[in-house]
Amino acid sequence: MTDLAATDPLPKPKRDLAPILLPIALALLMIPLIGSPSTWLTLTAASLAMGMMIFIMASGLTLVFGLMDVLNFGHGAFIAVGAYVATLVLAPFAASIQADSLWTNLAVLAPAALLSMAVSGALGLVVERVLILPVYGQHLKQILMTTGGLIVAEQTLYALWGPQIIPMPLPASLRGSFILGDVAIAKYRVLAMLIGLAVFIAIQLVLNRTKLGLLIRAGVENREMVEALGYRIRRLFLGVFMTGSALAGLGGVMWALYREQVHASMSDDLTVLIFIVVIIGGLGSIGGCFIGAILVAMVANYGGFLVPKLALVSNILLMVAILMWRPRGLYAVTSR
Amino acid sequence: MTDLLKLSGVHTHIGRYHILQGIDLTVPQGQVTMLLGRNGAGKTTTLRTIMGLWQASKGEITLAGQRIESLATPDIARLGVGYVPESMAVFSDLTVRENLVLAARDGPLDDTQLDWIFGFFPALRRFWLSRAGSLSGGQKQMLSIARAIIEPRKLLLIDEPTKGLAPAIVMALIECLKEIKRKGATILLVEQNFFAARELGDNVLVMDNGTIVHRGEMATLAADVPLQERLLGLSLEAHQ
């Protein structure tokens, strides 16, 4: 390789740390307001776990938004489908799920999650080809098509599984909490945090260390120029769409286990949160999406504890505040 | 001299607007063909239509004998067409290195080619690991051109590379383009800077209202002040 050492020092890239500091500052600010350190720690752990799950579900959507400017209001369908598909594996192996061995539990959970991701990803392929391909560049039609797709998906789930809520109990080894002094942190929340972190790191590695990742980042910024360099961005988009759908399926399984139940409209409330996360994070920004998800979860948990009546509007207020500060989101990647 | 690129009766509509109204032009192999004209004449639309970024509504475009007017942009690029847009369109979130890695479609970066590019644009070596978004306008233009020449291309479409740049940077760009020309590249170059056009061009096409209104040798136009004034509303003296 050519010696690229410069005679002059390279200018250090400026790191925009303000968005990263925001959730830390918010958490610290809550200590005196909440009063009890153990309650604060429990709420913070709950926020991080919830934030990670929302991030997993939102990460694909933000790339789809940023990469192809597609408004997919049907993203929630992949969440619900993922959760339902998991029941196909978990129900016949209920005894293994209730066994006391962590490995026995994981031996059933892991294939259930993988199957959910595969089915949601395959559904993503169909949705992109059938619903979205004909309406590229037409936002109103995208909203109509994907909202229609969501309704069809929900009604199909009702038709196949019935209208009742399906219980999805946590595996025996993931019930209960880790006790640290007078602080209790639910085991499942720790697992959710670890999986969320792993997904975040994996996405960051792909985006920053591979040519595929470079193409995705470049495509989010200027897809026309990526095409002019000779890359078929439609194929790239399809791959991102399927991956995003698969991650939504994984998020659906995790959320269903968190709530210990599955129903066809389980994604309705989540979809609002996911869109808020994508918007405040900055369209197409995975880092912004990650911080946005944690912020949304913190506001929901801290806000729900301190001012329960504000819970319904707290995330809208958060979005208004962030967009007044940074109108294109925490990390603006696209010019949209 | 064989014609590498040929447009015959090309029309382009953008929405309700009829921008290109029957373009006929040829770009000879190994030469620099200048595309001049007033603002709004259709120069950028011509390049974008050749590149497939806007679809020709009528007419034929052939590259080395192959029809390309109905091909998608990536397929046209893969036939060996490099494009430097007017907006430069560097990927500002990516480093200089990453921008060039993406442009080197056929494999890893070639050290010899890199050294050749750094010879013209030393700033690119200096800011190798910096985000392209942090570069100045001139440096972004250098990166945009470097991206188009990082691998050999049959044809380069370059849209107003000197626009808005400081005179010293314009001279460096002209030297670079001259060197690319000496290496035998075929270039269709849109330019408003008549001095740059005279320095670089072998042939010239002048556009007005979506049609070609003049074609000939650049040297002839450069020497004919009344013709310059009639076609472009300016004279070379005004640019010296």
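Residues numbered from 1 in each chain as written. Chains lettered and ligands numbered in written order. Predicted model: local features only at pLDDT ≥ 70, side-chain atom pairs only at ≥ 80, totals over all residues.

Asker: Where do I start with the interface of chain B and chain A in this structure?
Answerer: Counting from both sides, the interface comprises 28 residues of chain B and, opposite them, 24 residues of chain A. Looking at the side of chain B that touches chain A, the elements with two or more residues in it are α2 (73–78), α3 (96–103), α4 (111–120) and α5 (122–126) of chain B. The class makeup of the residues in the side of chain B that touches chain A is 15 nonpolar, 4 polar and 9 charged. (Contact = placed C-beta atoms within 7 Å. Helix = DSSP H or I, 4+ residues; strand = E, 2+ residues; numbered from the N terminus. Nonpolar A, V, L, I, M, F, W, Y, C, P; charged D, E, K, R; others polar.)

Asker: Please clarify how the nonpolar core should be interpreted in this entry.
Answerer: Among the nonpolar cores identified, the biggest contains 187 residues, and I54, V277 and V296 of chain A are the most heavily contacted of them. Here this core takes 20 residues from helix α2 (residues 37–68) of chain A, the largest share from any one element. (Core = buried A, V, L, I, M, F, W, Y, C linked by C-beta atoms within 7 Å. Buried ≥ 20, exposed ≤ 12 C-beta atoms within 10 Å, placed from the backbone.)

Asker: When you look at the sheet that holds strand β10 (residues 211–217) of chain B in this model, what are you seeing that I'm missing?
Answerer: In a beta sheet, neighbouring strands pair by backbone hydrogen bonds and run either parallel or antiparallel. Residue and element names in this part refer to chain B. An order of β6-β7-β8-β3-β9-β10 is seen for the 6 strands of this open sheet, with the pairing classed as mixed. Each having just a single partner strand, β6 (81–84) and β10 make up the two edges of the open sheet. Averaged over all neighbouring strand pairs, the angle between strand axes comes to 15°, with direction disregarded. The pairing of β6 with strand β7 (residues 155–159) spans 4 bridges and is parallel. Note on β7: the bridge partner recorded for V84 is I158. In the packing of helix α1 (residues 43–51) onto the sheet, the strands contacted are β3 (32–37), β6, β7, β8 (186–190) and β9 (203–208), and the crossing angle to β7 comes to about 145°. (Pairing = 2+ DSSP bridges. Axes fitted to C-alpha atoms, helices over the stretch in contact; angles between N-to-C directions.)

Asker: I tried to follow helix α6 (residues 137–149) of chain B on my own but got confused; where do I start?
Answerer: Along an α-helix, residues three or four positions apart point the same way, because every turn accommodates 3.6 residues. Residue and element names in this part refer to chain B. Between its first and last C-alpha atoms α6 spans 19 Å; for 13 residues at 1.5 Å apiece the expected length is 18 Å, and the two agree. Burial within α6 is extensive, with 11 of its 13 residues counted as buried. Taken together, the buried positions of α6 are Q139, K140, Q141, M142, L143, S144, I145, A146, R147, A148 and I149. Buried residues along α6 sit against β6, α3, α4, α5, β7 and α7 (167–182). (Expected span 1.5 Å × (residues − 1).)

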